[in-house]
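Reading the structure
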Amino acid sequence: MDELIDGFSEPCGQCSAVDWGVSDGGHFFCKNCHNVIEKTREVVDSTALYCKYSRISQVKKPKRKRSEDEREWMVCEGFQFILKLQAKALVSLGVCMKFETEVLWNFWKKYLQNTRQAFTENAVYTPRFTVYMKPKSEPESDTQSEMSFHSSAVSSETEMTASGDTTDVQSSLCSEAYQHTFTLMNMPRTLALCYLALLWVREAITLADLLRLVSERRVPYLDIQEAFPEEMRLFGKDVHIFRVWHLPSYSTVHREAFNLAQLMQLPSFPTVSQDCLLHPLPLSVRYLLDANLPDALHIWVHKVIRGAAMDDESYLTFDPKRESPGLLRYDIQAAAVIIVAMKLLFKLDDHVEWKLSKEAAKKKKTIFRLKAWFEIVQPVLEKARQNEEHEEALRRWKPTNPFITSLQQKSLVLKKRRVADYLEQRFHKLTDSAPEQLPSTTNPYSSFRFSWGKEEGSDGPSMHNKRLDCTFKKNGVKYLANRKYWHPELRLCLKKSCGNHFSEMEPWLPKMYVWVLDLFSFILGVRQAEVYQEVLNVERRFLSRSHQSKIEWTYCSLTKKKAKKSKTATPVAKEKIADTTDRV
């Protein structure tokens, strides 16, 4: 460092300290206050005729030549290292070892072969990045041995450019060509590949659970460059391939999983039978417990599943080679079945559910009342949402080791990082407090969002043992206390020409129904529109198979009342909601 400073002993203009350092970009900065000054250095100028020395404002480093301790890595090898980290994290959470050693590795090999990146004689063009390896005299570290995880599988016959070069032209060409290639790997597709492997081994981790593990930093995805070994340096515009700006949505990962399954030409997945935790029967029990709903409601959930023929193994099993394959959203579908069962019993139209609650209040205390359930769950839901927002605010989205995309911006990026760390340390020192730990990283993982019961630390009293009183007898026949079932328009829209209509329908939907959608969307960590769309899918199957001959199409009374208040309502909007009369 003294050789780089070259005897520079002027005091700093900000703090008057004489403690200088030289950044990688060649700029002088004060180690005490992080003030950056203009670097000047006297060098011999052989081209000058009238002066012996010339002063220049910046010293340019010569173009670095690749040494013997360096090698180039393909981008797919970087994703291979990421998949290895994600698989180890899931195994540490309880996933079987078969997931990592057999299924995920075989899927990765099949993906590389089908995309002609490896295991093929005619490999496609794949960008690379430079890795700075340790000298041979030093012992090989554990992280470096993990980097070589099946690295021999990658073909290296074709000569390719490195993103570690000082020139950005080749790097930008590589990154742009990579990002516009549909078949090549990206960060959301790593989660999609893990989800397919979880589905193959029939693990109880759903896609919503996987995304929640990612958001809680239990599965490596955000700031992935910090998990890379120190010998692996990413530079240039190719770092955008590994950079994560935000968490992927449920629909994005689900779509990528479906596309990868077809790209890899996978066979039919293992059967989703009733003993599998992805089956709607056991999965709905889990969400009933999480939503603090009575266990007796599961009987009606079972009736809806059988009426909609959703317990058929051929319907539940994913087969990419089927004529019209479809990857079910098992978790959202289970929540949708519960909502349909609640609409059957309580209607959820802002009128009938409160009327039934008043009648149930006159009877025994062991009877489930929807009003009491709402009064218990509503404040807990709001508190949980506030805690989630507070935890998101505490998360550090800026990485500790930022990506360097350009030599011109390197010194500026590093200075911002140093200043941010310095201010954070000073703030905690002034407030005399340690950095607050995130509950999601300190607490043990639980698949439940809420905890109900009388135990210490529970969110509220449990209603699991409450009885349902939603039927009455007449002439020896049981009838539902709610005689009508309403639903929005079930007509299917053309694909790719019409999106989700939840935003258009929300003003016309009952407030209680929208709140129930919001509750399950928070439990699953998805948007309300996705739960709403899955409820429509369940209603189409249930009504078309069980009650098609008995359906009476009428206008909903709720829509009529709202239409009187709004004179600007269009006739198309009034026809969005219909009533269906049925007998149990």
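What you see is a predicted model, and the numbers here were worked out from it, not measured in a lab.

The rules behind each value
- Residues numbered from 1 in each chain as written.
- Predicted model: local features only at pLDDT ≥ 70, side-chain atom pairs only at ≥ 80, totals over all residues.
- Heavy atoms only, no water.
- Core = buried A, V, L, I, M, F, W, Y, C linked by side-chain atoms within 4.5 Å.
- Buried < 20%, exposed > 50% of the residue type's maximum accessible area, 1.4 Å probe, protein only.
- Contact = heavy atoms within 4.5 Å.
- Axes fitted to C-alpha atoms, helices over the stretch in contact; angles between N-to-C directions.
- Helix = DSSP H or I, 4+ residues; strand = E, 2+ residues; numbered from the N terminus.
- Parallel < 35°, antiparallel > 145°, perpendicular 65-115°, else oblique.
- Left-handed = near helix turned anticlockwise from the far one by under 90°.
- Nonpolar A, V, L, I, M, F, W, Y, C, P; charged D, E, K, R; others polar.
- Pairing = 2+ DSSP bridges.
- Phe/Tyr/Trp six-rings, centres within 6.5 Å; stacked < 30°, edge-to-face > 60°.
- Lys NZ or Arg CZ within 6 Å of the ring centre and 35° of its normal.
- Polar contact = N/O pair within 3.5 Å; in protein donor to acceptor, adjacent residues only side chain to side chain.
- Patch = residues over 30% accessible without salt bridge, like charges linked within 9 Å, V, L, I, M, F, W, Y side chains within 5 Å.
- Areas by Shrake-Rupley, 256 points an atom, 1.4 Å probe, with all protein chains shown as cover.
- Salt bridge = Lys/Arg side-chain N within 4 Å of Asp/Glu carboxyl O.
- Lys, Arg positive; Asp, Glu negative; His and termini not counted.
- Charge placed at Lys NZ, Arg CZ, Asp CG, Glu CD.

What follows deals with the nonpolar core. Among soluble globular proteins, nonpolar side chains are generally buried collectively. Core analysis: the biggest nonpolar cluster contains 136 residues, and Phe99, Leu297 and Trp373 have the highest contact counts within it. Here Phe99 is in contact with Ala87, Leu90, Val91, Leu104, Cys194, Ala197, Leu198 and Val201, once residues within four sequence places are set aside. One finds Trp20, Val22, Phe28 and Cys30 within the second-largest nonpolar core, a separate group that totals five residues.

Here helix H2 (residues 75-92) crosses helix H3 (residues 97-114) at 160 degrees, and the two axes come no closer than 10 Å. In terms of orientation, H2 lies roughly antiparallel with respect to H3. Like other packed secondary-structure pairs, H2 and H3 cross with a definite hand, here right-handed. Of the residues in H3, those touching H2 at Cys76, Phe79, Gln80, Leu83, Lys84, Ala87, Lys88, Leu90 and Val91 are Met97, Phe99, Glu100, Leu104, Trp105, Trp108 and Leu112. Per-class residue counts for the contact of H2 with H3 are 12 nonpolar, one polar and three charged.

Moving on: the sheet that holds strand S1 (residues 20-22). With antiparallel pairing, three strands are arranged side by side in an open sheet as S1-S2-S3. With partners counted over all chains shown, the strands left at the sheet margins are S1 and strand S3 (36-37), one partner each.

Okay, the pairing of strand S9 (residues 477-480) next. Judged from the four bridges that link them, strand S8 (residues 471-474) and S9 form a sheet pairing that is antiparallel. Among the inter-strand pairings, Phe472 is bridged to a residue of S9, identified as Tyr479. Connecting the antiparallel pair S8 and S9 is a turn made up of two residues, with Asn475 showing a positive phi of about 60 degrees.

Note: most residues except glycine have negative phi, and most peptide bonds are trans. In this structure, Arg202 is a non-glycine residue whose phi angle is positive, near 60 degrees. Note that Arg202 resides in the loop between helix H6 (187-200) and helix H7 (207-215). Arg202 sits in the partly exposed class, given a relative accessible area of 29%. The backbone phi angle of Asn292 is positive, close to 60 degrees, even though this residue is not glycine. Secondary-structure assignment places Asn292 in the loop between helix H9 (280-290) and helix H10 (297-307).

Under the defined criterion, the tally for this structure stands at 16 aromatic pairs. Aromatic side chains Trp108 and Tyr111 sit 5.4 Å apart centroid to centroid with 25 degrees between the ring planes, which places their arrangement in the stacked category. Remark: Tyr111 and Trp108 occur in helix H3; sequence separation between them is three residues, near one turn of the helix. Centre to centre, the rings of Phe368 and Trp373 are 6.5 Å apart; their planes meet at 55 degrees, and the pair counts as tilted. Each member of the pair, Phe368 together with Trp373, is buried. Here the aromatic cluster, defined as three or more aromatic residues joined through ring pairs, consists of Phe346, Trp354, Phe368, Trp373, Phe374 and Trp515. Just above the ring of Trp300 sits the side chain of Lys303; from NZ or CZ to the centre is 5.6 Å.

For the rest of this paragraph, the subject is the side chain of Thr115. Inspection of the secondary structure assignment puts Thr115 in the loop between H3 and strand S7 (128-132). Look at Thr115 and you get buried, because its relative accessible area is 6%. A polar side-chain atom of Thr115 sits 2.6 Å from the main-chain carbonyl oxygen of Tyr111.

On the surface, a cluster of positive charge is made up of Lys303, Arg306, Lys473 and Lys478. If you trace the backbone, Arg306 turns up in helix H10.

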